[in-house]
Amino acid sequence: MTANPTIGVLALQGDVAEHVRMLDDLGVATARVLSAERLATVDALVIPGGESTTISKLAVRHGLMGPLRERVARGMPVYGTCAGMIMLADRLLGGTADQETLGGIDMTVRRNAFGRQAESFETGVRIDGVGGDPFDAVFIRAPWVESVGPGVTVLGSVNGTGGAGRIVAVRQGGLMATSFHPELTGDTRIHRLFVDIAKGHA
Ligand code: GLN
């Protein structure tokens, strides 16, 4: 239980500011994480959307890959959106030859899965543990989850748009990932769920 967690946003590349703003709106203390020293000060972490190959390369360059894996192994809650989902995948399809992930979630993720006809789209997705209307999910060159291991809970799947039935939201313990970008909408429900996870309440 962490009453007032500081939630870091991995600030190597991607839509960092949007995540920080959303967490600010929820009254949570945030920190932009660009170094192992800063990582050591946060209780939980968001990995933003962006370009996973770039995030991966920069994480190696900033000496963050090892420390990030270590924190994940010790149970730090992490929420990854889109490229962040890719970073949390134990297994990746469609990555570049030298692309490394952090891993942590026992899932196989397919990068750029929805195909060219669906570079970006929005659709309603029902998310387990998030009450109310389906989430207005924004997908941008998004991955999907091809398969999950027994310890992973599927939180949501898409119904149409060339990816019928595909898994787009998952959770394994304190690790959560979505193929889409709640940080690009005004809807804070998924971030609120993650804050509850970071507090040990969910
Ligand atoms: N296609 C991107 C990647 O492979 C992810 C896109 C996104 O985060 N919006 O990293």
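In this report, the structure presented in the accompanying data block is examined. (Residues numbered from 1 in each chain as written. Predicted model: local features only at pLDDT ≥ 70, side-chain atom pairs only at ≥ 80, totals over all residues. Heavy atoms only, no water.)

### Remarks on the pattern of salt bridges
For step 1, the next point in the chain: Scanning the entire structure with this criterion turns up six salt bridges.
For step 2, the next point in the chain: A salt bridge links Glu 51 to Arg 141, with the nearest nitrogen and oxygen atoms 3.8 Å apart. Taken as a pair, Glu 51 in the loop between β3 (44–47) and α3 (52–61) and Arg 141 in the loop between β8 (135–140) and β9 (144–148) lie far apart in primary sequence, 90 residues in all.
For step 3, the next point in the chain: With relative accessibility at 38%, the residue Arg 141 sits in the partly exposed group.
For step 4, the next point in the chain: With its nearest N and O atoms 2.7 Å apart, the salt bridge here joins Asp 187 to Arg 189. (Salt bridge = Lys/Arg side-chain N within 4 Å of Asp/Glu carboxyl O. Helix = DSSP H or I, 4+ residues; strand = E, 2+ residues; numbered from the N terminus. Buried < 20%, exposed > 50% of the residue type's maximum accessible area, 1.4 Å probe, protein only.)

### Re the nonpolar core
For step 1, the next point in the chain: Within the largest apolar cluster, 34 residues are counted, with the highest numbers of intra-cluster contacts made by Ile 7, Ile 127, Phe 139 and Phe 180.
For step 2, the next point in the chain: Mapped by element, the contributors of at least two residues to this core are β1 (6–10), α1 (16–25), β3, β7 (120–125), β8, β11 (167–172) and α6 (189–199).
For step 3, the next point in the chain: The element that contributes the greatest number of residues to this core is α6, accounting for six residues.
For step 4, the next point in the chain: Those residues in contact with Ile 7 that lie beyond four places of it in its chain are Leu 23, Val 28, Ala 29, Thr 30, Ala 31, Ala 44, Leu 45, Val 46, Phe 194, Val 195 and Ala 198.
For step 5, the next point in the chain: Judged by nonpolar contacts, the second largest core, of 33 residues, contains Leu 39, Leu 58, Val 78 and Ile 167. (Core = buried A, V, L, I, M, F, W, Y, C linked by side-chain atoms within 4.5 Å. Contact = heavy atoms within 4.5 Å.)

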